[in-house]
Amino acid sequence: MTVTATPPSSGVTGKISNYLDERTSISGAVKEFGRKIFPDHWSFLLGEVALYSFVIILLSGSFLTFFFQASMASVQYDGSYVPLKGVEMSVAMSSTLDISFDLRGGLLLRQIHHWAALLFISAIGLHMLRVFFTGAFRKPRELNWSIGFVLFVLAMAEGFTGYSLPDDLLSGNGLRIIDGMIVGLPVVGTWISFLLFGGEFPGSDIIGRLYTLHILLLPLVVLAFIVLHLMFVIIHKHTQYPGPGRTEQNVVGYPVLPVYAAKAGGFFFLVFGVVVLIAATVTINPIWAYGPYDPSPVSAGTQPDWYIGFADGALRLMPPHLETYWFGYTWSWNIIIPVLLLLVFLAVVFAYPFFEAWVTGDKREHHVLDRPRNAPVRTAIGAAGVTFYAVLWAGAASDIIATHFKVTMEGVINTLQIMLILGPIFAFMIAKRVCLALQKKDREIVLHGFETGRIVRLPGGEFTEVHQQLDDYDRWQLVSFNDNAPIMVRPNARGKITGATRRRAAWSRFFFEDRIAPVTQTEYKQELEHSHH
Amino acid sequence: MAKIVKGSEKSDLVATSGERLTGKELGTAVVTADAFPNPGLPPHRQRVTDTNPRRLARAARIVAWLFYLSIAGSIFTIFAYMFFPIEGGDTTSIRLSTLYIGLGSAFALLAIGIAAVHWGKAVMADKEGVDERHPVRGTDETRARAVEIFKEADEESGFSRRTLIRNGMIGAFIAFPLPAIALFRGLAPMDEDPNNLMKHTFWKKGLRLTHDPTGVPIKASDLTIGSSVHVIPEGLLDLPEAQMLDQKAKAAVLVVRLKPEDLHWTSEQRKSWSYDGIVAYSKICTHVGCPVALYEQQTHHLLCPCHQSQFDISNECAVIFGPAARPLPQLPIAVDADGYLVALSDFDQPVGPSFWEREK
Ligand code: FES
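S.K.: Lay out a nonpolar patch on the surface in plain terms, naming residues and giving numbers.
M.R.: Residue and element names in this part refer to chain B. Together, W65, Y68, L69, I71, I75, I78, F79, Y81, M82, F83 and F107 give the surface a local cluster of nonpolar side chains, amounting to about 1200 Å² of exposed area. A total of ten residues in the nonpolar patch trace back to one element, the largest contributor, which is helix α2 (residues 53-83). Judged by relative accessible area, Y68 falls into the exposed class, the value being 55%.

Here you go:
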């Protein structure tokens, strides 16, 4: 839509614009947002990928709803796929087969929908990592982190409900596992399962119920949260990476109209194009090969969609015999522990920004991002979290690892159990060391310049490599980071030292005890003088 | 707070010097007056298309061409839709239809994408801009007015003054969603108790063991040593489909024949549930309920494909590995007058995953 500020008379565009503006006052929005500046960086695209794949999911999903029938009533399959002809199955399964085999473009749309869903969750995950490692969650964006976190959880819920709909062997098995987990929960488990499935597993209600969640309730909430999320991006203006000329008080980049719109709009089509390309060439979820759900057949080596892997892995890594009978009731620790583990993990992810804000006590707004090395402990915590997740995820593939590398299942599981505890600790230590080393190297380069590769012979006969000092702009990249130091325990106004203060001081030591400070001007001058003598 | 920044005491880390600015806002942050000043935006660097008009013209041409190619791609897709029909059951035709419709539209989309991005990067004016940021918080004035508004509203409504009204309202707000929760009870049948249902299966005394999925009864003499069969109860298949699955989800059984001396029993009673080396165990994993049916003949182990729990058939299906906590329940069996395997009773305990009231 073109909206110009021309007076009402000139041309069609002008007339339309005038018509609209007189009824919507849209010129104000254009004035406000049309030239808004957006900073540019490849890592900012991750969030865009998530947004665009959601649009693709909505489009392809709407198409699918025209043909899919979420009913568990049983029919004899009578479609084109010969191997399943005459087989008893649910209407859900048979309509999914019809979409795949009797509707032109149906299989393509199914695969677009599924691939876009996988991309959606992956992009959200990577976007969260970007936000975490650059400290973009700091004030004023803590709440937007929470909103994004909710979106991540909702996306997984969307993925799982969608995965279950075709009522094929694998998705039925997935539901079986969920049901098994639910009934294992103390006190309420049995009843939650009973209500969810409308009776005993599998019953004949669950697909219809999941369908309502999948196409109505969840998308609505996702959409609402996306709107909130983006609204905050506008209110806060986008963060920017550190660089010369960039400050906490400005934002450097390109205007929405035209450059950003062209790039971002074009990028939507790129994402869409890539998803369609993959969907056209790579089969995903071939339900016809699995057959309809039946509680009895087995399928070895089958995997859930990737984002469920960490939960599945948590189940697998529990040691045997974790169950007790207390007070006449069954406590299924082999369910309770992994569920708690996942909840605590998610809670930590959710709460981290608030925790870091409490530790630093930093009340300023932060719009310039941290380079990950310049926040060593945060980066190390992130690395530990990623490792924890990765081990759980590997746990979900334990059987595949075992058969693929010809090792014993027991060996793989036991190794992963140990790694689940030690891995994050090692990852923490290594990441922290690496960050500090990189920071030291940065200091080194600022103080002594970089190696030019030019070797000269000094009058004394010795050879040295010529070092060249950085220019002002390059130096700024290396000296302009947030520096923190541990706080000291001090009595408050009433002369008391509270427990909270003590804890905060301890945490601030944990975060900032090992610390490389940015080079100051004085240091730099001293070093220059020093090297001239 | 200390004026001088002290670095860490650790020797491999560097200490700084200089003044530390202090402020309530800063927390742990260290800001020194001695920090380098921001050098400002670096000089603008021109692109090739800014300096070389021929390159600019070429880039513009490419952008335009890509848009036209995209149109071609879309038209191709429509033709592909028309001329690659899917013929009943022929998988090649489905593959081709999917491929050509997909490739055509992927091409059309990618061409638009590349064109737009290239347009933005190479052709549109390369003018970096700088916006000012303002603190997110409202100005003091705005905030004061907001407080005032609430005060006025409070005064005019009497919200804090009229506690009776206020508390009544809060109570009503808490109470009104409760019926909705009650309504959800209807999600599951009213006249059934899940605990009861979960404790019983379709098996009962005298039901023959039949092949899954054919329903053909099994003769003990047909089972050779080392063989295993998937079993469902006689009559299960006569149930309406929906009930059939519910029942099968609990009643599925695996029957294995071992040499009688390979079976180790904890009690005579358990032993009496088997017949000449033939044993029947629930196939529903005691972990979270997948069908456990990978049978390893050599080791007499049953493996669950979901989370790799392993059960030892020679020891009453005890858990030997994996997250499962309990052995698979055993179905007591015998042989009837005609030599067919029959159940002696239902399982002596609930099958499948543990649940809260399991022991009740
Ligand atoms: S369901 Fe069998 S091991 Fe989990």
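Let us keep going from here.
S.K.: Can you tell me about the pairing of strand β3 (residues 129-132) of chain B, naming the residues and giving the values?
M.R.: The alternating pattern of β3(B) places B:G129 and B:D131 on a buried face and B:V130 and B:E132 on a face that is not buried. Bridge count for strand β4 (residues 250-255) of chain A against β3(B) is four bridges, and the pairing is antiparallel. Directly across from A:G253, in β3(B), lies its bridge partner B:G129.

S.K.: An account of the sheet that holds β4(A) is needed here, citing residue identities and associated values.
M.R.: One open sheet holds the three strands; their spatial order is β1(A)-β4(A)-β3(B), and the pairing between them is antiparallel. One side of each edge strand has no neighbouring strand; the edge strands of this open sheet are β1 (37-38) of chain A together with β3 of chain B. One ladder, built from two bridges, connects β1(A) with β4(A); its direction is antiparallel. Bridge assignment links A:F38 to a residue of β4(A), and that residue is A:Y254. Strands β1 and β4 of chain A of the sheet are contacted by helix α10 (residues 256-281) of chain A, whose axis makes an angle of about 75 degrees with β4(A).

S.K.: Can you tell me about the packing of helix α6 (residues 142-164) of chain A against helix α13 (residues 333-360) of chain A, naming the residues and giving the values?
M.R.: Residue and element names in this part refer to chain A. At a minimum axis separation of 10 Å, α6 and α13 run at an interaxial angle of 175 degrees. Relative to α13, the element α6 lies roughly antiparallel. Here E142, L143, W145, S146 and F149 of α6 lie close against α13, whose contacting residues are L346, V349, F350, P353, F354 and A357. Considered class by class, the residues forming the contact of α6 with α13 number nine nonpolar, one polar and one charged.

S.K.: Lay out the side chain of B:D246 with the relevant residues and their values.
M.R.: Relative to the helices and strands, B:D246 is located in helix α8 (residues 241-251). No salt bridge is formed by the buried B:D246, whose closest oppositely charged neighbour, B:K250, lies at an N-O distance of 7.9 Å.

S.K.: Lay out the state of the cysteines in plain terms, naming residues and giving numbers.
M.R.: Residues and elements named next belong to chain B. The tally for this structure, following the rule as stated, stands at one disulfide over all chains. In this model C290 forms its disulfide with C306; the gap between the sulfur atoms is 2.0 Å. Given an S-S torsion of about -85 degrees, the disulfide between C290 and C306 has left-handed geometry. Here C306 lies in the loop between β9 (301-303) and β10 (310-312) and C290 lies in the loop between β7 (278-282) and β8 (294-296), a separation of 16 residues in the sequence. With respect to burial, C290 and C306 carry one shared label: buried.

S.K.: Before we move on, can you summarise the nonpolar core with the specific residues and values?
M.R.: In globular proteins that are soluble, nonpolar side chains generally tend to be buried together. Residues and elements named next belong to chain A. Counting 99 residues, the largest nonpolar core has I56, F120 and L392 as the members making the most contacts within it. With 14 residues, the single largest contributor to this core is helix α5 (residues 106-133). L392 has contacts with G309, F310, G313, A314, L317, L342 and L420, leaving out every residue within four places of it along the chain.

S.K.: Which residues make up the sheet that holds β9(B), and what values go with them?
M.R.: Residues and elements named next belong to chain B. Strand order across the open sheet formed by four strands is β8-β9-β10-β11, with antiparallel pairing between neighbours. On the outer flanks of this sheet lie β8 and β11 (318-321), each paired with one strand and no other. Going from strand to strand, the sheet's axes swing by 35 degrees on average, the running direction of each strand aside. Both β9 and β10 contribute to a ladder of three bridges, which runs antiparallel. Paired with L303 across the two strands is Q310, which belongs to β10.

S.K.: Pulling in residues and values, what's your account of the pairing of strand β7 (residues 450-457) of chain A?
M.R.: Residue and element names in this part refer to chain A. With respect to burial, β7 is a largely exposed element, only zero of its eight residues being buried. In this structure, β7 lies alongside strand β8 (residues 463-468), joined through five bridges in antiparallel fashion. Across the sheet, residue R457 finds its bridge partner in β8, namely F463. Linking β7 back to β8 in an antiparallel pair, the connection comprises five residues, with G461 at a positive phi of about 105 degrees.

S.K.: Any chance you could break down the packing of aromatic side chains for me, citing the residues and the numbers?
M.R.: Tallying each qualifying case throughout the model produces 45 aromatic pairs over all chains. On the basis of an interplanar angle of 55 degrees and a centroid distance of 5.3 Å, the ring pair of A:F68 and A:Y211 is categorised as tilted. A residue pair is termed long-range when its members are at least 10 positions apart, and A:F68 in the loop between α3 (45-65) and β2 (74-76) and A:Y211 in helix α9 (residues 206-236) qualify at 143 residues. Its relative accessible area of 12% is what places A:F68 among the buried residues. Relative to B:F83, the ring of B:F79 has its centre 5.9 Å away and its plane inclined at 5 degrees; by these criteria the two rings are stacked. Note that B:F79 and B:F83 are positioned in helix α2 at a spacing of four residues, about one turn of the helix. Taking relative accessible area as the criterion, B:F79 reaches 43% and is therefore assigned partly exposed.

S.K.: Break down the environment of B:P189 for me, citing the residues and quoting the values.
M.R.: Relative to the assigned elements, B:P189 resides in the loop between α6 (178-183) and α7 (194-198). Among all residues touching B:P189, those that are not within four sequence positions of it are A:F194, A:G198 and A:G199.

S.K.: Requested: an account of the packing of α2(B) against helix α3 (residues 91-123) of chain B, with residues and values cited.
M.R.: All names here are of chain B. Here α2 crosses α3 at 165 degrees, and the two axes come no closer than 8 Å. When the axes of α2 and α3 are compared, the pair comes out roughly antiparallel. Crossing geometry of α2 relative to α3 is assigned as left-handed. Tallied by class, the residues present in the contact of α2 with α3 amount to 23 nonpolar, seven polar and no charged.

Rules and cut-offs
- Residues take numbers from 1 onward in each chain, read along the sequence in its written order.
- Written order decides the labels, with chains lettered from A and ligands numbered from 1.
- Under the rules for a predicted model, residues below a pLDDT of 70 receive no local features and side-chain atom pairs below 80 are neither given nor counted, while totals for whole chains, interfaces and linings still include all residues.
- No hydrogens and no water enter the side-chain calculation; it runs on all heavy atoms of the structure.
- For patch detection, residues must exceed 30% relative accessible area and be free of salt bridges, and they are connected within 9 Å for like charges or within 5 Å for nonpolar side chains (Val, Leu, Ile, Met, Phe, Trp, Tyr).
- For the accessible areas, the method is Shrake-Rupley and the probe is 1.4 Å, while residue cover comes only from the protein chains on display.
- In the sections that follow, a salt bridge refers to a side-chain nitrogen of Lys or Arg positioned within 4 Å of a carboxyl oxygen of Asp or Glu.
- Put simply, DSSP marks the helices as runs of H or I at least four residues long and the strands as runs of E at least two long, and each gets a number from the N terminus on.
- Each residue's exposure class comes from its accessible area (1.4 Å probe, protein chains only) as a fraction of the maximum for that residue type: buried when under 20%, exposed when over 50%, partly exposed otherwise.
- Strand pairing is assigned whenever DSSP identifies at least 2 bridges connecting the two strands.
- In this description, contact between two residues means that some pair of their heavy atoms is separated by no more than 4.5 Å.
- Each axis is a line fitted through C-alpha atoms, and for a helix only the stretch in contact is used; angles between axes span 0 to 180 degrees, taken between their N-to-C directions.
- An angle below 35 degrees is treated as roughly parallel, one above 145 as roughly antiparallel, one from 65 to 115 as roughly perpendicular, and anything else as oblique.
- All residues other than Ala, Val, Leu, Ile, Met, Phe, Trp, Tyr, Cys, Pro, Asp, Glu, Lys and Arg, Gly among them, are scored as polar; the first ten of these are nonpolar and the last four charged.
- The sign given to each residue is positive for Lys and Arg and negative for Asp and Glu; His and the chain ends receive no count.
- Throughout, a disulfide means two cysteine sulfur atoms within 2.5 Å of one another.
- The criterion is simple. A nonpolar core is a set of buried Ala, Val, Leu, Ile, Met, Phe, Trp, Tyr and Cys residues joined through side-chain atoms within 4.5 Å.
- Any two of the Phe, Tyr and Trp rings considered here, Trp counted by its six-membered ring, make a pair once their centres fall within 6.5 Å; the pair's planes then place it as stacked at under 30 degrees, edge-to-face at over 60, or tilted in between.
- By definition, any crossing whose near helix is turned counterclockwise from its far helix by less than a right angle is left-handed, and any crossing with a clockwise turn is right-handed.

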